[in-house]
Amino acid sequence: MQIRENISLKPYNTFGIDAKARWFAEAQTTEEIIAFLTGPDEPRHPLLILGGGSNVLFTKDFPGTVLKISTKGITVADENEDEVLVRANAGEQWDDLVRFCVEKGWGGLENMSLIPGNAGTSPVQNIGAYGVEIKDRLVELTSWDLQTNVKKIFTNEECRFGYRDSIFKTIYKGRYVILDVTFRLKKNPVLCLDYGNIKDELVAMNIEKPDIAAVREAVCTIRRRKLPDPLVAGNAGSFFKNPVIPESQFLELKEKFLAIVSFPQNDGIKLAAAWLIESCGWKGKREGDAGVHPNQPLVLVNYGNATGQEILQLSQEVKDSVYQKFGVLLETEVNVI
Ligand code: FAD
Ligand code: EPU
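Per chain, residues are indexed from 1 in the order of the written sequence. The lettering of chains begins at A and the numbering of ligands begins at 1, in the order of writing. This being a predicted model, a pLDDT of at least 70 is required before a residue's local features are given, and a value of 80 or more before pairs of side-chain atoms are given or counted; all residues contribute to the totals for chains, interfaces and linings. Think of the side-chain values as coming from all heavy atoms in the structure, minus any hydrogens and water.

### Some words on the sheet that holds strand S12 (residues 176–186)
Stated precisely, the cut-off is as follows: We call two strands paired when DSSP finds no fewer than two bridges between them. In DSSP terms, a helix is any run of H or I states spanning at least four residues, a strand is any run of E spanning at least two, and both are numbered starting from the N terminus. A fitted line through C-alpha atoms represents every axis, and for helices the fit uses only the stretch in contact; the resulting angles, taken between N-to-C directions, go from 0 to 180 degrees.
Spatial ordering of the open sheet is given by S6-S7-S12-S10-S11, a layout of five strands whose pairing is antiparallel. Strands at the two margins of the open sheet, each flanked by one partner only, are strand S6 (74–79) and strand S11 (150–155). Between one strand axis and the next, the sheet turns through 20° on average, direction left out of account. As paired elements, S6 and strand S7 (residues 83–89) share five bridges and run antiparallel to each other. Pairing of Ile-74 across the sheet is with Ala-88, part of S7.

What follows is the structure, encoded as structure tokens:
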């Protein structure tokens, strides 16, 4: 594997931030990853594992080695009449995997169509959209332990998934390299149509009896309408998580702010961060090339030459004003590096 020096990361992150990696290598096979991590050319630290770069914000040049994971391959690990276990190597693009499964008629991932990034990154923040999360479908994943240099399998339960959260974002941050992921899919799919405006979209498409291909198309249409294309304006999707607050705090807020948008959860009330941010007047605001998106204020954008520091500064201003107005702390979803 070639190790290159002083490489611009601009093409490798969807924010389009022009930071440099001191060393940069790209793995095309799982064997290459392991050989690189254990061999004589062992990477110089710090080490950053990079997938599609769609959930990172580089705020400075990276002083160590960036290892980009581009290991392709989808296989059937097991199947019976009803179910199929599909395994993808970490560098397979997430949406290529979703499309592959939908084309085969295997249901379960279609609501998560068009999420950018690698399949192998999907467990890191338990990606989700339109009512389905990775935790609902993942059986297990194989990883490489950077501390002990052995493979380790994590079951679904061991990943400790939560809303945009897993063990790989918390206590094991940076310790494991995910090598492959396995999902349980249904040959006779049960559709999930209850979230958001999927049903309305299917009606608009004149589809009375939807299948997983129709759901995929509906989700893709909604997403293309709502979310900015990183090729047009650099972004990493939602910059913040939707905050989950205790019911007592919510009731106080609801008295003062009648229109507050909320969704009840098992562990509290989830607020629409987009509504909170819009209510503070941020929607469409711009500071130089860093901005708050005019259609979806949860998304911060780089209109051209913003630096990571400028995006970070804007995110802090948004957080401060939401906290001042509502007493609610927004948590950053994106990995700030
Ligand atoms: P990267 O940005 O490359 O990495 C993210 C983190 O994971 C980093 O900390 C990195 O070190 C670590 N990492 C990467 N690969 C590995 C590995 N193999 N092993 C261990 N650690 C690893 N997310 C959602 O959940 N739902 C959405 O609907 C959604 N919509 C989006 C829309 C847009 C337009 C964009 C730009 C992003 C969106 N996202 C969404 C966020 C993003 O797509 C996901 O978080 C995705 O899983 C990131 O994958 P990646 O490969 O690009 O990760
Ligand atoms: N809203 C406003 N103003 C706006 C836009 C939205 O007030 O300008 C309110 C609306 O009331 C709307 C609510 O916010 O009902 C929620 O908006 P939306 O349906 O667009 O979803 P979201 O909460 O902003 C979340 C995820 C997305 C995921 C979608 C669909 C988080 C942080 N974000 O966005 O995931 O695609 O739901 O499931 O949970 C990501 O994680 O990067 C991401 C894009």
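### With respect to the site of ligand 1
The cut-off we apply is this: We define proximity as follows: a residue is near a molecule or strand when any one of its heavy atoms falls within 4 Å of that partner. Surface accessibility in these figures is a Shrake-Rupley result with a 1.4 Å probe; residues are shielded only by whichever protein chains are displayed.
Taken together, 31 residues are adjacent to ligand 1, and Ile-49, Gly-51, Gly-52, Ser-54 and Thr-121 come closest. Coverage of ligand 1 by the protein amounts to 93% of the 990 Å² it exposes when considered alone.

### Quick notes on the site of ligand 2
For clarity, the threshold we go by: Residues adjacent in sequence count toward polar contacts only when both atoms are side-chain atoms; beyond that, a polar contact is any pair of N or O atoms within 3.5 Å, and within protein one must be able to donate a hydrogen and the other to accept it. Charged residues are taken to be Asp, Glu, Lys and Arg, nonpolar residues to be Ala, Val, Leu, Ile, Met, Phe, Trp, Tyr, Cys and Pro, and polar residues to be all remaining types, Gly included.
The immediate surroundings of ligand 2 are formed by 23 residues, with Tyr-163, Asn-242, Glu-278, Lys-283 and Glu-333 found nearest. A distance of 2.9 Å separates an oxygen atom of ligand 2 from a polar atom in the backbone of Ser-238. Side-chain polar atom of Asn-242 to an oxygen atom of ligand 2: 2.8 Å apart, as the coordinates give it. About the coverage of ligand 2: the protein hides 81% of its 840 Å² of free accessible area. Of all the secondary structure elements, the ones that give two or more residues to the shell around ligand 2 are helix H4 (212–226) and helix H6 (273–279). Broken down by element, the residue count for the shell around ligand 2 peaks at three residues, all from H6. Residue composition of the shell around ligand 2, grouped by class: 11 nonpolar, five polar and seven charged.

### Brief notes about the packing of helix H2 (residues 94–104) against H4
Put simply, the rule reads: Note on terminology: angles under 35 degrees are roughly parallel, angles over 145 are roughly antiparallel, angles of 65 to 115 are roughly perpendicular, and the others are oblique. Helix crossings are classified by the rotation of the near helix relative to the far one: an anticlockwise turn of less than a right angle makes the crossing left-handed, while a clockwise turn makes it right-handed. By definition, residues are in contact when any of their heavy atoms lie within 4.5 Å.
At a closest axis distance of 9 Å, the pairing of H2 and H4 adopts a crossing angle of 150°. Classified by the angle between their axes, H2 and H4 sit roughly antiparallel to one another. At the point where H2 passes H4, the crossing takes the left-handed sense. Contact with H2, carried on its side by Asp-95, Val-98, Arg-99 and Val-102, involves Ile-212, Ala-213 and Arg-216 of H4 and no other residues of that element. Tallied by class, the residues present in the contact of H2 with H4 amount to four nonpolar, no polar and three charged.

### Observations regarding the nonpolar core
The condition is simple: Side-chain atoms within 4.5 Å are what join buried Ala, Val, Leu, Ile, Met, Phe, Trp, Tyr and Cys residues into a set we call a nonpolar core. Relative accessibility decides the category of a residue: with a 1.4 Å probe and only protein chains considered, values under 20% of the type maximum give buried, values over 50% give exposed, and everything between is partly exposed.
Core analysis: the biggest nonpolar cluster contains 46 residues, and Phe-58, Leu-271, Leu-276, Ile-277 and Ile-311 have the highest contact counts within it. In this structure, Ala-88, Leu-109, Ala-119 and Leu-193 belong to the second largest nonpolar core, which totals 39 residues.

### Some details on the pairing of S7
Burial runs high along S7: five of the seven residues are buried. Between S6 and S7, which follow one another and run antiparallel, lie three residues. One ladder, built from seven bridges, connects S7 with S12; its direction is antiparallel. Counted as the bridge partner of Asn-89 is Asp-180 from S12.

### Some words on the side chain of Asp-180
Rule in force here: His residues and chain termini do not enter the charge count, which takes Lys and Arg as positive and Asp and Glu as negative. Salt-bridge detection follows one rule: a side-chain nitrogen of Lys or Arg within 4 Å of a carboxyl oxygen of Asp or Glu.
By the secondary structure assignment, Asp-180 is in strand S12. Buried within the structure, Asp-180 lacks any salt-bridge partner; Arg-87 is the closest side chain of opposite charge, at an N-O distance of 4.2 Å. If sequence neighbours within four positions are ignored, Asp-180 has contacts with Arg-87, Ala-88, Asn-89, Ala-90, Leu-141 and Thr-142.

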